[in-house]
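The lines below spell out each chain.
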Amino acid sequence: MIEVVASMARGPVFLAGELMECLITFRNPMSHVSTSASSEILAWASAQIHCQFHASESRVSLPSRDNKQDVQADSDTVLIPNRDSYGEIVPVDGPPSFRGQAVKYVYKLTIGCQRVNSPIKLLRVPFRVLVLQASFTQDEEVSPSNPFLEEEEEASRRDARPLERALDMLMVSTSRRCPHMFNITNVRGKVAKFCIFKTMYRLGEDIIGTFNFSEGDIPCLQYSVSLQSEEEIQQEYQRRPGQPLSVAGHGRHLESCLHTASSHFSLPVPLNVTPGFATNVVTLRWRLHFEFVTAREPAEPPVVRQNESKATVWAGAEHVEVDTFSWDLPIKILPTNPALASYESQFTGTNSINI
């Protein structure tokens, strides 16, 4: 028996274009009573990156009848038996890992091996891929300068590997803050003024927004904010014409706000969700979904009388005529450092098999 162990030491999450390294160990766990005749011989071993595509037959119409496709990396990925490490560049032109309602993209490292005079066995190690799509200005300086470095050292730093430059661009683009102001209104008038300081976020960041109800003409009784993703199948692959979007919620903030001058919310972007992307089959977008409950008539605040000798009990109105309306604000969700995303990954980056 030969035990095969595969371990991704850095973690199970990678950026497209990053070098994925995996330590593969072959061991013969011989007992103390074993002899040299009990030794095993490994005939061959091979490692390869696969991206598996799944599509819901009820939502996606593909040219082929097979809604499950397996795509291999276009490179030499043969594992040399006398070498215990494997390295491969994660394809830059592939989709990110995604488990949607209509489409799924699943990545795995497949290690095939065979012991002499034994059947072939496969060891699969799932991992996650984040794709940083080109949404930045390429000619702008994204790496912050360090005044303590010499010019040559600073120039060398700027010529860093593409992954480091991509992370620099990611950090700078999501760190820019500029207040975006919106007037929230319905058919009866102004409800509030809403402020958000940016609309581009990394995985793991908090989305923070504020409401100013003091400038409103219509009383707001309650509001909610939800972080939602929209999964849209490209028109040529839709099973039915005008097929609706698949919307999924990833967090919600609900608050009562009658007689409140201002309020704020904070919604974390989960580390395990997929940033926005687009392929020839599906597009994933992100939005903040707002819902408001407003009163049709003005609501007078309670009055505290001076020199009141008896205790006063305040009670809410038994019946209030209300209106409800909603609003969607598109936002962008981008990847984060793969090492950070690994902490919340469902994968361990390690797997083993006996052959």
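Quick summary incoming for the structure in this document.

How each quantity is defined
- Residues numbered from 1 in each chain as written.
- Predicted model: local features only at pLDDT ≥ 70, side-chain atom pairs only at ≥ 80, totals over all residues.
- Heavy atoms only, no water.
- Helix = DSSP H or I, 4+ residues; strand = E, 2+ residues; numbered from the N terminus.
- Buried < 20%, exposed > 50% of the residue type's maximum accessible area, 1.4 Å probe, protein only.
- Contact = heavy atoms within 4.5 Å.
- Areas by Shrake-Rupley, 256 points an atom, 1.4 Å probe, with all protein chains shown as cover.
- Pairing = 2+ DSSP bridges.
- Axes fitted to C-alpha atoms, helices over the stretch in contact; angles between N-to-C directions.
- Patch = residues over 30% accessible without salt bridge, like charges linked within 9 Å, V, L, I, M, F, W, Y side chains within 5 Å.
- Salt bridge = Lys/Arg side-chain N within 4 Å of Asp/Glu carboxyl O.
- Polar contact = N/O pair within 3.5 Å; in protein donor to acceptor, adjacent residues only side chain to side chain.
- Core = buried A, V, L, I, M, F, W, Y, C linked by side-chain atoms within 4.5 Å.
- Domains from an automatic or database assignment.
- Disulfide = S-S within 2.5 Å.

### Topic: the overall build of the protein
Helices and strands together make up the secondary structure of the protein, namely three helices and 20 strands. Taken over 355 residues, the protein has a buried fraction of 41%. Pairs at least 24 residues apart make up 73% of the contacts formed inside the protein by residues separated by at least 6 positions. For the protein, the accessible area works out to roughly 20500 Å², and carbon and sulfur atoms hold 50% of it.

### Describing the sheet that holds strand E16 (residues 262–268)
Backbone hydrogen bonds hold the strands of a sheet together, and the pairing may be parallel or antiparallel. Spatial ordering of the open sheet is given by E10-E11-E13-E16, a layout of four strands whose pairing is antiparallel. The sheet is open, and its two borders are formed by strand E10 (180–186) and E16, each paired with just one other strand. Here the average twist between neighbouring strands, direction ignored, is 25°.

### Things to note about the environment of Ile 353
Of note, Ile 353 is situated in strand E20 (residues 350–354). For Ile 353, the residues in contact, after removing those within four places along its chain, are Ile 2, Glu 3, Val 4, Lys 121, Leu 122 and Leu 123.

### A word on unusual backbone geometry
The phi torsion at Asn 117 lies on the positive side, around 60°, for a residue other than glycine. Given a relative accessible area of 81%, Asn 117 falls into the exposed group.

### A word on the pairing of strand E1 (residues 3–7)
One ladder, built from five bridges, connects E1 with E20; its direction is antiparallel. The partner of Ser 7 across the bridge, within E20, is Thr 350. As judged from the five bridges shared by E1 and strand E3 (residues 19–27), these two strands associate in the antiparallel manner. Within the sheet, the bridge partner assigned to Ser 7 lies in E3 and is Leu 23.

### Considerations on a nonpolar patch on the surface
Together, Trp 44, Ile 120 and Leu 122 make up a nonpolar patch on the protein surface, roughly 270 Å² of accessible area in all. Its place among the elements puts Ile 120 in strand E9 (residues 120–130).

### Notes on the pattern of salt bridges
Think of it this way: side chains of opposite charge can pair up when their charged atoms draw near. Under the counting rule described, the total for this entry stands at twelve salt bridges. Salt-bridge contacts for Lys 190 lead to Glu 215; the nearest nitrogen and oxygen are separated by 3.3 Å. Pair noted here: Lys 190 is in strand E11 (residues 189–196) and Glu 215 is in the loop between strand E13 (206–212) and strand E14 (220–233), with a separation of 25 residues, a long-range link. Residue classification places Glu 215 among the partly exposed positions, given a relative accessible area of 36%. Among the ionic pairs, Glu 230 bridges to Arg 285, the shortest N-O distance being 3.5 Å. With Glu 230 in strand E14 and Arg 285 in strand E18 (residues 282–295), this residue pair connects regions lying 55 residues apart in the sequence. The buried category is assigned to Glu 230, whose relative accessible area is 11%. Overall, the relative accessible area of 35% leaves Arg 285 in the partly exposed class. Salt bridges sharing common partners tie together Glu 230, Glu 232, Arg 285, Arg 287 and Asp 328.

### A word on the side chain of Thr 283
When you line up the elements, Thr 283 lands in strand E18. A polar atom in the side chain of Thr 283 sits 2.8 Å from the side chain of Gln 234. Other than its neighbours up to four places away in sequence, Thr 283 contacts Glu 230, Glu 231, Glu 232, Gln 234, Phe 277 and Ala 278.

### Some words on the nonpolar core
By size, the foremost hydrophobic cluster in this structure holds 75 residues, and its most contacted members are Leu 109, Ile 207, Phe 265 and Leu 288. A domain split of this core shows at least three residues from each of domain 1 (3–63 + 72–131 + 339–354) and domain 2 (177–301 + 320–334).

### Thoughts on the side chain of Ser 229
Tracing the backbone shows Ser 229 in strand E14. The class for Ser 229 is buried, based on a relative accessible area of 7%. Within the structure, Ser 229 has its side chain in polar contact with the side chain of His 250 (distance 2.9 Å).

### Considerations on the state of the cysteines
This structure, assessed with the given rule, holds zero disulfides. Among the cysteines around Cys 195, which has no disulfide bond, Cys 178 carries the closest sulfur, lying 9.4 Å off.

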